[in-house]
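Report on the structure
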Amino acid sequence: YRAGTAKPDPAIFRAALRALDVAPEEAVMIGDSLDKDVRPALALGMRAIWIPAGEGASEPADPVATAADSLPGAIVARDLHEARTRLLALLAAPV
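Residues numbered from 1 in each chain as written. Predicted model: local features only at pLDDT ≥ 70, side-chain atom pairs only at ≥ 80, totals over all residues. Heavy atoms only, no water.

**With respect to the overall build of the protein chain**
The number of helices and strands found in the protein chain is 4 helices and 3 strands. Its helices and strands taken in sequence order, the protein chain reads α-β-α-β-α-β-α from the N to the C terminus. The buried share of the protein chain, taken over its 95 residues, is 31%. Contacts spanning at least 24 positions in sequence make up 46% of the contacts within the protein chain whose residues lie at least 6 apart. Per element, the accessible surface of the protein chain, about 6,100 Å² overall, is 57% carbon and sulfur. (Helix = DSSP H or I, 4+ residues; strand = E, 2+ residues; numbered from the N terminus. Buried < 20%, exposed > 50% of the residue type's maximum accessible area, 1.4 Å probe, protein only. Contact = heavy atoms within 4.5 Å. Areas by Shrake-Rupley, 256 points an atom, 1.4 Å probe, with all protein chains shown as cover.)

**A few points about the side chain of Asp37**
Mapped onto the elements of the fold, Asp37 is located in helix α2 (residues 34–43). In this structure the side chain of Asp37 is engaged in a polar contact, spanning 2.5 Å, whose partner is the side chain of Lys7. A distance of 3.1 Å separates a polar atom in the side chain of Asp37 from the backbone nitrogen of Asp32. In contact with Asp37, other than residues within four places in its own chain, are Lys7, Phe13, Met29, Gly31 and Asp32. (Polar contact = N/O pair within 3.5 Å; in protein donor to acceptor, adjacent residues only side chain to side chain.)

**Remarks on the pairing of strand β2 (residues 47–50)**
In terms of strand pairing, strand β1 (residues 28–31) meets β2 through 4 bridges, oriented parallel. Residue pairing in the sheet places Gly31 in a bridge with Trp50 of β2. Considered for its hand, the β-α-β crossover made up of β1, α2 and β2 is right-handed. Looking at chain direction, β2 and strand β3 (residues 74–76) are connected through 3 bridges and run parallel. (Pairing = 2+ DSSP bridges. Right-handed = clockwise from strand over helix to strand, strands pointing away.)

**Concerning the confidence of the model for the protein chain**
Here the protein chain averages 83 in pLDDT, and 78% of its residues register 70 or above. When pLDDT is averaged over each element of the protein chain, β1 comes out on top at 94 and helix α3 (residues 63–70) at the bottom at 59. (pLDDT = per-residue confidence, 0-100.)

**Describing the environment of Leu90**
Structurally, Leu90 can be placed in helix α4 (residues 80–92). By relative accessible area, which is 17% here, Leu90 ends up buried. Considered as a pair, Leu90 and Arg47 are 43 residues apart in the sequence and their alpha carbons are 9.1 Å apart. Once residues lying within four places of it in the same chain are set aside, the contact partners of Leu90 are Val28, Arg47, Ile49 and Ile75.

Structure, rendered in structure tokens:
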């Protein structure tokens with residue numbers, strides 16, 4: 001809460017980007033919440049890796065289909081190991 005706000009407020013994402021001195025397109029958000037992590041990051045131009053928590057009524061039954069249909073640019077990972085693999089691939093790819 002040092003930024004004076006909390007997710008999903010875009011101000012907290014902007015504060016993190018400023019603190020790291022990176023542009024949104026150079027950053028990757030990894031999170032388990034569509035509404036608090038993935039959607040706000042994508043809206044700012046960040047890349048996002050979503051690890052569905054599998055809990056709560058707000059999470060879709062088919063996360064891969066959801067990401068493909070309504071979250072262009074989001075990558076779905078089954079767990080932290082897969083998220084790491086996908087992150088390394090993103091970092092190795094030319095921007």
